[in-house]
Amino acid sequence: MYNAVMEGIKNSDQKLREQPEPNVKFFHRPFLKQWYGRVAIIVLSIGFGFMFRELIISPKNAIIITKYGEKNQIRLPDGSLVHLNGNTRIEYSSHWSADEPRIVRLQGEAYFSVIHKNNNQKFWVLTSDKIKIEVIGTEFNVHSRQTTSVALSSGKVRLEVKGDSDQAQSIIMKPGDVVELSEKSDAIVQKKIKAAVLTSWKSDKLLFDSTSVKEIFDLIHDTYGYQVNLHDKAILQQYITGSVPNKNLDAMLDGLEYLLNVKTTKSDNIIYIQAKL
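Conventions adopted
- Residues numbered from 1 in each chain as written.
- Predicted model: local features only at pLDDT ≥ 70, side-chain atom pairs only at ≥ 80, totals over all residues.
- Heavy atoms only, no water.
- Phe/Tyr/Trp six-rings, centres within 6.5 Å; stacked < 30°, edge-to-face > 60°.
- Helix = DSSP H or I, 4+ residues; strand = E, 2+ residues; numbered from the N terminus.
- Buried < 20%, exposed > 50% of the residue type's maximum accessible area, 1.4 Å probe, protein only.
- Lys NZ or Arg CZ within 6 Å of the ring centre and 35° of its normal.
- Core = buried A, V, L, I, M, F, W, Y, C linked by side-chain atoms within 4.5 Å.
- Pairing = 2+ DSSP bridges.
- Axes fitted to C-alpha atoms, helices over the stretch in contact; angles between N-to-C directions.
- Expected span 1.5 Å × (residues − 1).
- Polar contact = N/O pair within 3.5 Å; in protein donor to acceptor, adjacent residues only side chain to side chain.
- Parallel < 35°, antiparallel > 145°, perpendicular 65-115°, else oblique.
- Contact = heavy atoms within 4.5 Å.
- Nonpolar A, V, L, I, M, F, W, Y, C, P; charged D, E, K, R; others polar.

Engineer: Could you clarify how one ought to interpret the packing of aromatic side chains in this entry?
Structural biologist: The description of an aromatic ring pair rests on the distance of the ring centres and on the angle between the ring planes. Applying the stated criterion across every chain yields a total of 1 aromatic pair. A centroid spacing of 6.3 Å and a plane angle of 75 degrees characterise the contact between tryptophan 96 and phenylalanine 123, whose relative ring orientation is edge-to-face. Of the two residues, tryptophan 96 is situated in the loop between β6 (88–93) and β7 (102–114) and phenylalanine 123 in strand β8 (residues 123–126); the sequence distance between them amounts to 27 residues. The exposure classification of tryptophan 96 matches that of phenylalanine 123, with both residues buried. Sitting above the plane of the tryptophan 124 ring, lysine 132 keeps its charged end 4.4 Å from the centroid. Just above the ring of tyrosine 111 sits the side chain of lysine 202; from NZ or CZ to the centre is 4.6 Å.

Take a look at the structure:
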């Protein structure tokens, strides 16, 4: 089934590129057979580096896009709630009947509260051509930019990773697990992390737990669209534990100035950072 779906995605890639992308749009799609899913609260962050191909889902698809620094909240056809972070694109069928799967495709970052259906209607999240996430009554975070990381806070998640040989590897995660996957290789790394660090953006703040400054600057670029210019690159070797407000970019920079003892200046799409005198 997975290979058949991926083939449909590739064959319809040209059709998607020929259509303009308003913030919300609907268009026709062929029918797709069932996949997996159950109740879940999910936070997903899927990077624009993993550009999706055309996905065949159902008679109609909805596409919603947030701008840099913009947040939005939507409901899926089954009533599930989704919070979208800045620089995010979500695509899903505009109508899910009881005998159809629930399939969501995401680039960017989102927090999902997924409703369980009495008929155990299946729910899948697609992050790239190689990675699928099966929702099995759980709470988890997915962050994918240059690599994809899945952090499980409770319940159960099954990852299906397709390697260069087209053989899919299944990974069952336990609460507290973090799995990092590379789009460019078959390397898989498992470790532990605090889930709250990855989900705090939804409450207009960012939590850091020995987080590298480089990761924070990458986050600024991915969410707000600004490049960071450093007067002293030694700052990239620092790690931060604490929190900063994240209601907007200015509030976040004020918090970073305090934590890092630096001065920040914005000009066009560049943030200049230098040590305080």
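Engineer: Got a minute to help me understand the nonpolar core in this structure?
Structural biologist: One recurring pattern in soluble globular proteins is that nonpolar side chains are buried together. Formed by 30 residues in total, the largest nonpolar core has its most connected members in Ile90, Tyr92, Phe112, Phe123 and Leu159. One finds Phe208, Ile240, Val244 and Ile271 within the second-largest nonpolar core, a separate group that totals 22 residues.

Engineer: Would you mind going over the sheet that holds strand β18 (residues 270–275) with me for this structure?
Structural biologist: What holds strands together in a sheet is hydrogen bonding between their backbones, with the strands either parallel or antiparallel. Read across the open sheet, the 3 strands follow the order β15-β18-β17; overall the sheet is mixed. Single-partner strands in this sheet number two, and they are β15 (227–230) and β17 (262–267). Averaged over all adjacent pairs, the angle separating strand axes in this sheet is 25 degrees, with direction ignored.

Engineer: Can you walk me through helix α5 (residues 249–260) in this structure?
Structural biologist: Each α-helix turn comprises 3.6 residues. Residues three or four places apart therefore point the same way. Helix length check: α5, at 12 residues, gives a terminal C-alpha distance of 16 Å against a target of 16 Å (1.5 Å per residue), a fit within 8%. Looking at α5, one finds that the buried residues are Leu249, Ala251, Met252, Leu253, Gly255, Leu256, Glu257 and Leu260. The backbone nitrogen of aspartate 250 has a side-chain oxygen 3.2 Å away, supplied by the residue at the start of α5, namely asparagine 248. At the C-terminal side of α5, asparagine 261 shows a positive phi close to 55 degrees.

Engineer: Help me understand the packing of helix α4 (residues 213–224) against α5 in this model?
Structural biologist: A pair of packed helices is characterised by two quantities: the angle between their axes and the separation of those axes. For the pair α4 and α5, the least separation of the axes is 12 Å and the interaxial angle reads 170 degrees. Judged on the interaxial angle alone, α5 and α4 are roughly antiparallel. Here Val213, Ile216, Leu219, Ile220 and Tyr224 of α4 come into contact with α5, specifically with Leu249, Met252, Leu253, Leu256 and Leu260. Grouping the amino acids of the contact of α4 with α5 by side-chain chemistry returns 10 nonpolar, no polar and no charged.

Engineer: Please explain the pairing of β7 as it appears in this structure.
Structural biologist: Regular strands have side chains that alternate between both faces of the sheet. For β7, a buried count of 12 out of 13 residues is recorded, marking the element as mostly surrounded by other parts of the structure. As paired strands, strand β5 (residues 81–84) and β7 are joined by 4 bridges and run antiparallel to one another. Each residue of the ladder has a partner; that of histidine 83, found in β7, is tyrosine 111. When β6 meets β7, the two strands line up antiparallel, connected through 4 bridges. Paired with isoleucine 90 across the bridge in β7 is leucine 106.

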